[in-house]
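# Coordinate inspection notes
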Amino acid sequence: NAGVTQTPKFQVLKTGQSMTLQCAQDMNHEYMSWYRQDPGMGLRLIHYSVGAGITDQGEVPNGYNVSRSTTEDFPLRLLSAAPSQTSVYFCASSWGQTNEKLFFGSGTQLSVL
Amino acid sequence: QQQVKQSPQSLIVQKGGISIINCAYENTAFDYFPWYQQFPGKGPALLIAIRPDVSEKKEGRFTISFNKSAKQFSLHIMDSQPGDSATYFCAARRAQKLVFGQGTRLTINP
């Protein structure tokens, strides 16, 4: 099993550009989520989903959109990138509709210039 | 506003010693408290977790101590090894949201 796969691993954007971070899991997990990791801030929840067609906001949702059309995929969209969105982004999934054991991807390092 | 406060930010322990990382929270609606371990360049991985109706949970060299009245919990790593060098995050769950602490960078000196 591949687990949670994130692409790309690295990305550099210019302010105002848009892009989509991809996340796919092959464990048939219902729960999927996106976190950003910044020094001294820990991991902060951006958006999460408890199943296909269901999404909700986390702590820091502004500037990000998500959708969940299949159980496997949970893409994160940056509509108009800003330097404040420079961060490492992690996708995570877990069984059922809870988040008792999150399986994390290896992350996407994003720089916005 | 940090809902889960973690300390210290960094910690250096000698091999064989005990590593202790502390976390505090305010929201009594939290119902699950996991600890995650993260190695450089990797995503975090679940290490151990506890529910608030239990005061202590032990798995091998790792122990969580939980003080519900004080709204504090801590991770103890006994007989710390160089391979334990990593960043550790405490977290707390309310409904379907998991809130993480700021992280502790642990270094075990050989």
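For the structure, check the block above.
In this report, we go over the structure that sits alongside the text. Just so it is clear, the structure is predicted and the values come from calculations on it, not from any experiment.

### Description of the interface of chain A and chain B
The partner chain B presents 21 residues to the 23 residues of chain A that form the contact. Taken over both partners, the interface formed by chain A and chain B buries close to 1,800 Å², and the fraction arising from carbon and sulfur atoms is 50%. The largest share of the area that chain A buries against chain B comes from Leu43, Asn99 and Glu100 of chain A, three residues that together contribute 31% of it. Glutamate 100 of chain A serves as the salt-bridge partner of arginine 93 of chain B, at 3.3 Å between the closest nitrogen and oxygen. Taken together, chain A and chain B are joined by 9 residue pairs in polar contact (both at pLDDT 80 or more). Of all the elements in the fold, those that place two or more residues in the side of chain A that touches chain B are β4 (31-38) and β5 (42-51) of chain A. Per-element accounting of the side of chain A that touches chain B gives the leading share, 5 residues, to β5 of chain A. Residue classes in the side of chain A that touches chain B are distributed as 10 nonpolar, 10 polar and 3 charged.

### Remarks on the pattern of salt bridges
Scanning the model with the defined rule gives 8 salt bridges over all chains in all. Sharing partners across several salt bridges, the network here consists of Glu100 of chain A together with Asp31, Arg51 and Arg93 of chain B.

### A closer look at the nonpolar core
General note: in soluble globular proteins, nonpolar side chains tend to be found buried as a group. Counting 25 residues, the largest nonpolar core has Phe33, Trp35, Phe73, Leu75 and Tyr88 of chain B as its most contacted members. Every element with two or more residues in this core is listed here: β2 (10-14), β3 (19-25), β4 (33-38), β5 (45-50), β7 (62-67), β8 (72-77), β9 (86-94) and β11 (104-109) of chain B. Setting aside its immediate chain neighbours within four residues, leucine 75 of chain B contacts Ser19, Ile20, Ile21, Trp35, Leu47, Ile48, Phe62, Thr63 and Tyr88 of chain B. With 18 residues, the next largest nonpolar core counts Val4, Met32, Leu78 and Cys91 of chain A among its residues.

### Quick word on the state of the cysteines
A covalent bond between the sulfur atoms of two cysteines is what we call a disulfide. The full count for this structure, using the stated rule, is 2 disulfides over all chains. A sulfur-sulfur separation of 1.9 Å characterises the disulfide bridge that pairs cysteine 23 of chain A with cysteine 91 of chain A. Handedness here is read from the sign of the S-S torsion; for cysteine 23 of chain A and cysteine 91 of chain A, about -70 degrees, the answer is left-handed. With cysteine 23 of chain A in strand β3 (residues 19-25) and cysteine 91 of chain A in strand β9 (residues 87-94), this pair connects stretches of sequence that are 68 residues apart. Overall, the relative accessible area of 1% leaves cysteine 23 of chain A in the buried class. Classification of cysteine 91 of chain A as buried rests on a relative accessible area of 0%. Across the disulfide, cysteine 23 of chain B is cross-linked to cysteine 90 of chain B (sulfur-sulfur distance 1.9 Å). Because the sign of the S-S torsion sets the handedness, a value of about -95 degrees for the bond joining cysteine 23 of chain B and cysteine 90 of chain B places this disulfide among the left-handed ones. Here cysteine 23 of chain B is found in strand β3, whereas its partner cysteine 90 of chain B is found in strand β9, with 67 residues between them in sequence. Across this residue pair, the class does not change: cysteine 23 of chain B and cysteine 90 of chain B are buried.

### A look at the packing of aromatic side chains
As enumerated under the stated definition, the model contains 19 aromatic pairs over all chains in all. Residues tyrosine 25 of chain B and phenylalanine 30 of chain B carry aromatic rings whose centres are separated by 6.0 Å and whose planes lie at 65 degrees to one another, so their mutual orientation is edge-to-face. Neither residue differs from the other here; tyrosine 25 of chain B and phenylalanine 30 of chain B are each classed as buried. Tyrosine 25 of chain B sits in the buried class, given a relative accessible area of 5%. Within the aromatic cluster, the residues linked to one another by ring pairs are Tyr35, Phe90 and Phe104 of chain A together with Tyr36, Phe89 and Phe100 of chain B. Over the face of the ring belonging to phenylalanine 74 of chain A we find arginine 68 of chain A, whose NZ or CZ atom lies 6.0 Å from the ring centre.

### Quick word on the pairing of β5 of chain B
As paired elements, β4 of chain B and β5 of chain B share 5 bridges and run antiparallel to each other. The residue bridging phenylalanine 33 of chain B from the neighbouring strand is isoleucine 50 of chain B, located in β5 of chain B.

### Overview of the environment of arginine 44 of chain A
Residue and element names in this part refer to chain A. By the element assignment, arginine 44 lies in strand β5. Of the residues examined, arginine 44 reaches a relative accessible area of 19% and is grouped as buried. Arginine 44 has contacts with Trp34, Tyr35, Arg36, Asp38, Glu59 and Val60, leaving out every residue within four places of it along the chain.

Rules behind the numbers
Residues numbered from 1 in each chain as written. Chains lettered and ligands numbered in written order. Predicted model: local features only at pLDDT ≥ 70, side-chain atom pairs only at ≥ 80, totals over all residues. Heavy atoms only, no water. Contact = heavy atoms within 4.5 Å. Buried area = accessible area lost by both parts, 1.4 Å probe. Salt bridge = Lys/Arg side-chain N within 4 Å of Asp/Glu carboxyl O. Polar contact = N/O pair within 3.5 Å; in protein donor to acceptor, adjacent residues only side chain to side chain. Helix = DSSP H or I, 4+ residues; strand = E, 2+ residues; numbered from the N terminus. Nonpolar A, V, L, I, M, F, W, Y, C, P; charged D, E, K, R; others polar. Core = buried A, V, L, I, M, F, W, Y, C linked by side-chain atoms within 4.5 Å. Buried < 20%, exposed > 50% of the residue type's maximum accessible area, 1.4 Å probe, protein only. Disulfide = S-S within 2.5 Å. Phe/Tyr/Trp six-rings, centres within 6.5 Å; stacked < 30°, edge-to-face > 60°. Lys NZ or Arg CZ within 6 Å of the ring centre and 35° of its normal. Pairing = 2+ DSSP bridges.

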